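# Structural features, examined
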Amino acid sequence: MSIEIANVGKRFGGFVALDDVSVSIPAGQLTALLGPSGGGKSTLLRIIAGLERADTGRVEIDGVDATNLPPQKRNVGFVFQHYAAFKHLSVRRNVAFGLEIRKRDKDEIRQRVDELLALVHLEQFADRLPAQLSGGQRQRMALARALAVEPAVLLLDEPFGALDAKVRKELRDWLRRLHDEVHVTTVFVTHDQEEALEVADEIVVINEGRVEQIGSPDQLYDEPANEFVMRFLGPVTQLGDQLVRPHDLQIQTGESTAAGVPGQVTRITRIGFEIRVDITTADGQAVAVTLTRNEFLTLGLSVGDTVHVRIAPNSPTTTVADHGRAPSLATSA
Ligand SMILES: Nc1ncnc2c1ncn2[C@@H]1O[C@H](COP(=O)(O)OP(=O)(O)OP(=O)(O)O)[C@@H](O)[C@H]1O
């Protein structure tokens, strides 16, 4: 089911948490709300769920005005970062909970829970207690429980936030596959740009209560709407007044290649399979370039070499208004 958020505003006392936010989420899509901490992502998710009231604006779910509907009338499933399972109930009973309180038929519940446990790959853990599961398994149980009542919309607030990097990555792949199978309209909150870029069909970048950009991962990466989006989605460096990704810079050596900005290599650092080359331009600007190992070896660079740096054709760039800003390699999040 589709979700339509129109001109939503929310204040906490004098603090503006959401400022005139409008987002259309088509049915069946996997959408990420991405942004820095405190930007308003969770508040927006809670407003969609009905756990929080918007001060202004409208929320429609499947074409129906849900702005004033209580959470239980919205047909949404919700999973938080720190999921509270019933500790004394087995995994099976936890997943069955929503169906039991809806007084569904016993056989129907059993069949549905079996299907769900298979879907989240927890069949062999059905009779364990939540405390006997790993963090990742517990999150999968939480998702099975949220899916049990067949919500029209699944809302996930940093569902993998508390887990270690490897498990997060596994669950990310798994969420993508699950979504491809089940196609329930899903909105998840994350502050991790890699997670959003890898998993989502569409990303809503939210910062300081406002939508900075909405687009597919490719659109955001290739056509960032502004400096904030460019910086937030990955490492950037600055050449002149242009903000650019370090791997979109080209280094040229030799006399005949005067195209580009002259500079001197100040440092060479190997980072895994990439090489980072720090260059100080003739104007004194510090620029970071990343090269593949092969590019680096072909160029045969050493510290102290004089080179020219230029932006590769068709690379995404944004113009930086503030020239005084630190031009070094910076990653957000
Ligand atoms: N109930 C509340 N009372 C007062 N302020 C609140 C309340 N809930 C949220 N806020 C404030 O509103 C802002 C947005 O919070 P929100 O949780 O939506 O951000 P977020 O983008 O989800 O951040 P995080 O990734 O840290 O969860 C924050 O500055 C927060 O302190």
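Residues numbered from 1 in each chain as written. Predicted model: local features only at pLDDT ≥ 70, side-chain atom pairs only at ≥ 80, totals over all residues. Heavy atoms only, no water.

If you look the protein up in an unreviewed UniProt entry, it shows as ABC-type quaternary amine transporter from Micromonospora pallida.

What follows concerns the overall build of the protein. Of regular secondary structure, the protein possesses nine helices and 18 strands. Once the C-alpha set of the protein is aligned to its principal axes, its extents read approximately 80 × 45 × 30 Å. Counting over 333 residues, the protein shows a buried share of 48%. Looking at the protein alone, contacts between residues at least 24 apart form 65% of all its contacts between residues at least 6 apart. Just so you have it, the protein exposes about 16,000 Å², and 49% of that area is on carbon and sulfur atoms. Computed over 36 positive and 45 negative side-chain charges, the inter-centroid distance for the protein is 8 Å. (Helix = DSSP H or I, 4+ residues; strand = E, 2+ residues; numbered from the N terminus. Buried < 20%, exposed > 50% of the residue type's maximum accessible area, 1.4 Å probe, protein only. Contact = heavy atoms within 4.5 Å. Areas by Shrake-Rupley, 256 points an atom, 1.4 Å probe, with all protein chains shown as cover. Lys, Arg positive; Asp, Glu negative; His and termini not counted. Charge placed at Lys NZ, Arg CZ, Asp CG, Glu CD.)

Time to look at the sheet that holds strand β4 (residues 56-61). Read from one edge of the open sheet, four strands run β2-β1-β4-β5, paired in antiparallel fashion. Both edges of this open sheet fall to β2 (15-25) and β5 (64-65), since each of them pairs with a single strand only. (Pairing = 2+ DSSP bridges.)

Let us now look at the environment of Val-199. Considering the arrangement of structural elements, one finds Val-199 in helix α6 (residues 193-199). Note on Val-199: relative accessible area 2%, which makes it buried. Taking the C-alpha atoms as reference points, Val-199 and Phe-188, eleven residues apart in sequence, are found 10.0 Å from one another. Beyond its immediate stretch of four places on either side in the chain, Val-199 contacts Leu-30, Arg-172, Leu-175, Arg-176 and Phe-188.

On to the pattern of salt bridges. Scanning all chains against the criterion turns up 21 salt bridges. In this structure, Asp-19 and Arg-210 form a salt bridge, with 3.7 Å as the shortest nitrogen-oxygen distance. On the criterion of sequence distance, the pair formed by Asp-19 in strand β2 and Arg-210 in strand β10 (residues 210-215) is long-range, its members being 191 residues apart. Residue class for Asp-19 comes out partly exposed when judged on its relative accessible area of 35%. Arg-58 is paired through a salt bridge with Glu-60; the nearest N and O atoms lie 2.5 Å apart. (Salt bridge = Lys/Arg side-chain N within 4 Å of Asp/Glu carboxyl O.)

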